[in-house]
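Listed here are the chains, written in short residue letters.
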Amino acid sequence: MLTLYFCPTPNCQKVTIMLKAINAAFDTHKIDILAGDQNEPDFVAICPNKKVPVLVDPDFTGLDGKPLVIWESGAILIHLAEKSGQYLSADPAIRAETLKWVMWQMSYLGPMMGQLHHFVMYAPEEVPYAIDRYMSEVHRLRALLNDTLETRAFIAGDEMSIADFAIYPWVKLFGMRYEPDRPLPHMEAWFTRMEEYAFVTEGLFHQVDTIRPEVVGNAPITDEHRNALFASYQAKRQD
Ligand SMILES: N[C@@H](CCC(=O)N[C@@H](CS)C(=O)NCC(=O)O)C(=O)O
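This one's a predicted model, so the numbers in the text were calculated from it and none came from an experiment. (Residues numbered from 1 in each chain as written. Predicted model: local features only at pLDDT ≥ 70, side-chain atom pairs only at ≥ 80, totals over all residues.)

Student: What am I meant to see in the site of the ligand here?
Tutor: Taken together, the neighbourhood of the ligand is formed by Thr9, Asn11, Ile33, Gln38, Lys50, Lys51, Val52, Pro53, Glu72, Ser73, Met106 and Leu229. Across the shell around the ligand, the residue classes break down as 5 nonpolar, 4 polar and 3 charged. (Near = placed C-beta within 6 Å. Nonpolar A, V, L, I, M, F, W, Y, C, P; charged D, E, K, R; others polar.)

Student: Any chance you could explain the domain arrangement of the chain here in plain terms?
Tutor: Accessible area lost when the parts come together is the quantity often used to give the size of an interface. Split into domains, the chain comes out as domain 1 (2–86 + 204–231) and domain 2 (92–197). When each unit is reduced to the centre of its C-alpha atoms, the spacing between domain 1 and domain 2 is 20 Å. With 15 residues of domain 1 in contact, the opposing surface of domain 2 contributes 15 residues. At 6 residues, helix H1 (residues 10–21) tops the list of elements feeding residues into the side of domain 1 that touches domain 2. (Domains from an automatic or database assignment. Contact = placed C-beta atoms within 7 Å. Helix = DSSP H or I, 4+ residues; strand = E, 2+ residues; numbered from the N terminus.)

Student: Before we go on, may I ask you to explain the nonpolar core in this structure?
Tutor: With 51 residues, the main nonpolar core has Val15, Met18, Leu77, Ile162, Ala163 and Ile167 as its most contacted residues. The biggest single contributor to this core is helix H6 (residues 162–174), with 9 residues. Each of domain 1 (2–86 + 204–231) and domain 2 (92–197) contributes no fewer than three residues to this core. (Core = buried A, V, L, I, M, F, W, Y, C linked by C-beta atoms within 7 Å. Buried ≥ 20, exposed ≤ 12 C-beta atoms within 10 Å, placed from the backbone.)

Written out as structure tokens, the structure reads:
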């Protein structure tokens, strides 16, 4: 059976949506990132990058001769798409378009939204330049998404793909916290189209009751949480 090391945040929710979409059986191993579970030696042994999600797929053998371990959510989506033969077309043009948007999510949308969240929620001091910089990037990226969805049903064309799964949790749950600078009707219509599929909502809300209130802004972030999340940064500051 597949094992997913997980917490209910967008990078993990894209994987749970995919797992539900392909009807895969999986065990969830909860990693409490505010408690610092990602820094524990057992976890670091499988993910030296100290981040979730991590997928262990015993149907394949890794370079170390053990069950295959994959981290980086985009790589996990591609692995599951290739394994199941679903949500990543074999047609070169559709495949390229799908991978382009997966990479866009991994390199722009996720990092820019993540940094905005960091400077709004977690930074120990206010840095207006950083908030302005990441907020304007988030506005730009959402506008691009909205404009793209004006002429297509799903991100990579007529068919739902791993590009939709990668992008949806970020703009749906996370993005709602940061008001857009203009209406995004095509993105809203895409939300509705996505949510016609029960697995999208099931994947998005998988174990969502275990989310910490601090992660969604309903309780204050403390130095203890910052130390769990940004251990190397804190250590450097104390030098
Ligand atoms: N590029 C990575 C990012 C993973 C990531 O940042 N995961 C967050 C949760 S959404 C995490 O593990 N944070 C813990 C930490 O920063 O210590 C991916 O897409 O898998």
